[in-house]
Each structure stands twice: as C-alpha cells, then as structure tokens.
Amino acid sequence: MPGRTLPTLTKAEVESHNTVKSCYVTIGANVYDVTDFVESHPGGADLVLDYAGKDVAAILKDEDSHTHSESAYEILEESHVAFLVTEKLAPNGEVQKKIADSQINEKVTPYVHPRTGMSCEEDLSKDTDYTTDYKQHKFLDLNKPLLMQVWNGGFTKRFYLDQVHRPRHYKGGASAPLFGNFLEPLSLTPWWMVPLIWLPMVGYGTYLASQGFESKLSLATSWGFGLFLWTLIEYILHRCLFHLDDYLPDNRVGITLHFLLHGVHHYLPMDKYRLVMPPTLFLVLATPFWKLAHTLFYWNWYLATAIYCGGIFGYVCYDLTHYFLHHQNLPLWYKELKKYHLAHHFLDYELGFGVTSRFWDQVFGTELVTVAKSS
C-alpha cells in the first residue's frame, strides 16, 4: 500500500486473530483487520468469524453466499494492516498486492441507483464520513442528535425523501443519537425483546380464545387465518403507511413523524437497535387492529381473539425476520429473501415491500427485480 510501510505476519500469527475482539482475514498475501466490520457485516458476524484468520478470496467470489461489489474491496483496502510471509514470497508490497488482486473477481462497473447512490448490499455497511456527508448534502449531521435536526431543518418534502432514502452507516455499527437525552433508550430495541414481550401475550390470548372453540382444529384454522391476514397487513403497512411518500404532508410535523416511523430505518438501515418496532409504538399500531378484529367478527369474541393472536404471531415472525435479514447469515432458502429485502434499501425503495415473503409484491405488481450485480 503506497505511502506507508506495513509489517509482515506469519500464517500462525494471522490465525490467532480469530475473535470478535480481533479479527484478521487474508486475500493472498495481504492481511486485513476487519474487527470493526464484524458486527455490521450484512451476512452477520458469525459468517465473518467463520473465516477469521483465513483466506477469504473464495468466499468473496461465491455468489451462493452473496455477491460482493467494489465497496467490499474498498472496505478491505482501508483495513489493510500487514503482509503474509510465506515460504515462496519475501515481503514486497507491490508483488503481494498483484497476487492478491489476481485472486479477486474481475472488476465490473456496478449499477448505481441514482436516488439511493448505492449499488449493492455492502454499500449499506460502508462507514459514512459525517463531516463530508453533511457538507455535501446539507441534510443531517450524524455528530448530533437527529430528531431536532429533522424538526428544525426546514426541509421540503421532496428534499427530505430524497435524502432519507440515501442510506448512511454510523461508524462501528453503533446507533446514532436520535433524541440525545433521557428518551434515547426508548428508541433502542434489541431484537429479543419482541418475542420476550409478545409471545407470552399471544399464548395467553390463544388460551382465552380456546375456551370458545369446540375443537382444536377450529381454533387452529382461525389462528392460521389471522396469520395469513398478517402477511397482507404487513404489505399494506409497509407500502401505504411507511412509504406513503406521495401523500406525506409537506410540513415538519409530517416529515418528523415519517422519520420516527420508518425514515430513520432507511437513513440508517444497519442500525441493529432500530430494526424491530419499539413496544410502545407497536401498542399504538396494534390497538386499532384489536378493535377492528372485534368489530368485524362481533358475533364471536373468541373467534376474533384467535384471529388477532394469529396476526400478532405473524408480526413477531415479521420483526424477527426483518432483523435477521439485516444482520445474520441465513440458511440457503432465506438467502434470496435477504438479497431481495436489502435491495429494497440500496436499489429501489419504491418496490419490494414484502419482508417475510414477496408473494403480495407479485400479486400487486410491486416485485423488485434485483438486476444489479456486484463483482
């Protein structure tokens, strides 16, 4: 690497850096310290740690895992810390760089979406330079609490929607300050709180509903119907509420509410503590559906409750799926869904509203075709 002299490490020394606190990988003769990238890797920390201390040239080229673009290699280049000493090669930066380069896929020019400014899922985890970003876009300063900047920014709806859908990444994968005061913890929700809080309630509600059914089959059918209804509600909420862009009021109240509801997620999509819905917000959204269920099925309280509980279970599955799509390496049958959802963030946020499935996107003609390829 021009401009600095890097140390040399033996293979054993590299292999010793195999934990979340110190994680090295190699490509050919180049050694990279990816410790800061482990937690924010789109495939999940476990996938990175599986290759800690090892050569990653093959996995970077493996499209069955997920494709990697120029940004992935730029992140690696910034993390270049040493050269690997082998029996066949003395430490020489230029020679080793050529060897490493020869093991990387041939470069292609990726498609960059003009509105998101991104071409692939790795772009979502590329650190944002706070100062440069603010000077260039005149939107939000990530060094400061975000909410009051949105409220006092005087942004037009058009400018706000353009900027909030250009993803940024807070350095180190931490959560950017939203309130900057005692309210901050209310905006941060770890994924495990969702099943911890809502599954016991689903279980209790299902138990109460079962008292009004003569057979378990009837109960399961009603509960399953609620689960199916959730898949449609998930699509409608995501498309018509979270992305009501054309109908968003062009004033700071509407813009700020949009930012709190969903805009902050598109602005910082890899923020792991703002991926699942805070319990207080979920209560606000879920209460009308409780009343709706018991209005539509007014003749049978138990039926309405069973359908509602099935729907809430669907929500739990949705929120967990959403989190894992962003932050975990998933089984093979989920990898395409992961690519599909992340493309909603980096490629085209006006399509691809399904999270747990693309079924309703296919039904309503909003399916996102992920044509963008990375190197």
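Further up the page is the structure itself.
Treat the numbers as computed from the prediction; the structure is a model and nothing was measured. (Residues numbered from 1 in each chain as written. Predicted model: local features only at pLDDT ≥ 70, side-chain atom pairs only at ≥ 80, totals over all residues. Heavy atoms only, no water.)

A. Quick peek at the overall build of the protein. From N to C terminus, the protein includes 15 helices and five strands. Looking at the protein as a whole, 50% of its 375 residues are labelled buried. Sequence separation of at least 24 residues holds for 72% of the intrachain contacts in the protein that already meet a minimum separation of 6. (Helix = DSSP H or I, 4+ residues; strand = E, 2+ residues; numbered from the N terminus. Buried < 20%, exposed > 50% of the residue type's maximum accessible area, 1.4 Å probe, protein only. Contact = heavy atoms within 4.5 Å.)

B. Quick look at the nonpolar core. If you look at the biggest cluster of nonpolar residues, it comprises 24 residues, and the most contacted ones within it are Val194, Trp198, Phe282, Tyr315, Val316 and Tyr318. Breaking this core down by element, the ones donating at least two residues are helix H9 (193-210), helix H10 (216-242), helix H12 (279-296) and helix H13 (301-327). Top contributing element to this core by residue count: H13, with nine residues. Residues within four places of Val316 in sequence aside, it is in contact with Val194, Pro195, Trp198 and Leu199. (Core = buried A, V, L, I, M, F, W, Y, C linked by side-chain atoms within 4.5 Å.)

C. Fine view of H10. A rise of 1.5 Å per residue sets the reference length of H10, with its 27 residues, at 39 Å; its end C-alpha atoms lie 36 Å apart and thus fit the reference within 8%. Considered for burial, the residues of H10 that qualify are Leu219, Ser222, Gly226, Trp230, Glu234, Tyr235, Leu237, His238 and Phe242. Along its buried surface, H10 packs onto H9, helix H11 (252-267), H13, helix H14 (332-346) and helix H15 (359-364). (Expected span 1.5 Å × (residues − 1).)

D. Representation of the sheet that holds strand S3 (residues 22-27) in the model. Reading across from one edge, S1-S5-S4-S3-S2 is the order of the five strands in this open sheet, with mixed pairing throughout. What marks the edges here is a single partner per strand, and that holds for strand S1 (8-9) and strand S2 (18-19). Pairing between S2 and S3: two bridges, direction antiparallel. Opposite Asn18, over in S3, you have Cys23 as the bridge partner. (Pairing = 2+ DSSP bridges.)

E. Layout of unusual backbone geometry. Here Lys138, not a glycine, exhibits a phi torsion of approximately 55°, which is positive. Along the polypeptide, Lys138 turns up in the loop between helix H6 (130-137) and helix H7 (147-152). Residue Lys138 is classed as exposed on the basis of its relative accessible area, which comes to 53%.

F. Up close: the packing of H10 against H13. Packing of H10 against H13 brings their axes to within 6 Å, and their N-to-C directions diverge by 55°. Classified by the angle their axes make, H10 and H13 are oblique. Seen along the crossing, H10 lies across H13 with a hand that is right-handed. Across from Leu219, Ser222, Trp223, Phe225, Gly226, Leu227, Leu229, Trp230, Glu234 and Phe242 in H10, the residues of H13 making contact are Leu303, Ala306, Ile307, Cys309, Gly310, Gly311, Phe313, Gly314, Tyr315 and Tyr318. (Axes fitted to C-alpha atoms, helices over the stretch in contact; angles between N-to-C directions. Parallel < 35°, antiparallel > 145°, perpendicular 65-115°, else oblique. Left-handed = near helix turned anticlockwise from the far one by under 90°.)

G. Seen up close, the pattern of salt bridges. Summed over all chains, the structure comprises six salt bridges. In this structure, Glu184 engages Arg274 in a salt bridge whose closest nitrogen and oxygen atoms are separated by 2.8 Å. Here Glu184 is found in the loop between helix H8 (157-164) and H9, whereas its partner Arg274 is found in the loop between H11 and H12, with 90 residues between them in sequence. Grouping residues by exposure puts Glu184 and Arg274 together as buried. Counted as one network, the salt bridges with shared partners bring together Glu184, Asp271 and Arg274. (Salt bridge = Lys/Arg side-chain N within 4 Å of Asp/Glu carboxyl O.)

H. Here's a closer look at the packing of H9 against H13. Remark: H9 packs on H13, axes separated minimally by 9 Å, with the N-to-C direction vectors making an angle of 160°. Between H9 and H13, the crossing angle belongs to the class labelled roughly antiparallel. The two elements H9 and H13 meet at a crossing, and its hand is left-handed. Facing H9, whose interface residues are Val194, Pro195, Trp198, Leu199, Val202, Gly205, Thr206, Leu208 and Ala209, H13 presents Trp301, Tyr302, Thr305, Ala306, Cys309, Ile312, Phe313, Tyr315, Val316, Asp319 and Leu320. Considered class by class, the residues forming the contact of H9 with H13 number 16 nonpolar, three polar and one charged. (Nonpolar A, V, L, I, M, F, W, Y, C, P; charged D, E, K, R; others polar.)

I. How the structure looks around H14. Taking 1.5 Å per residue, 15 residues should reach 21 Å; H14 reaches 22 Å between its end C-alpha atoms and fits that length. With respect to burial, H14 is a largely interior element, 11 of its 15 residues being buried. For H14, every residue scored as buried is listed here: Lys335, Leu337, Lys338, Lys339, Tyr340, His341, Leu342, Ala343, His344, His345 and Phe346. If you follow the buried residues of H14, they end up packed against H10, H11, H13 and H15.

J. Representation of the packing of aromatic side chains in the model. Under the criterion given, the structure shown has 26 aromatic pairs. With a centroid separation of 6.2 Å and 85° between ring planes, the pair formed by Tyr235 and Phe353 is classed as edge-to-face. Pair noted here: Tyr235 is in helix H10 and Phe353 is in the loop between H14 and H15, with a separation of 118 residues, a long-range link. Phe353 shares its class with Tyr235; the two are buried. A centroid spacing of 5.6 Å and a plane angle of 80° characterise the contact between Tyr323 and Phe324, whose relative ring orientation is edge-to-face. By relative accessible area, Phe324 is classed as partly exposed at 25%. A network of ring pairs unites the aromatic residues Phe139, Phe155, Phe159, Tyr160, Phe259 and Tyr267 as a single cluster. One Lys or Arg, Arg358, reaches over the ring of Tyr340 and ends 4.0 Å from the middle of that ring. (Phe/Tyr/Trp six-rings, centres within 6.5 Å; stacked < 30°, edge-to-face > 60°. Lys NZ or Arg CZ within 6 Å of the ring centre and 35° of its normal.)

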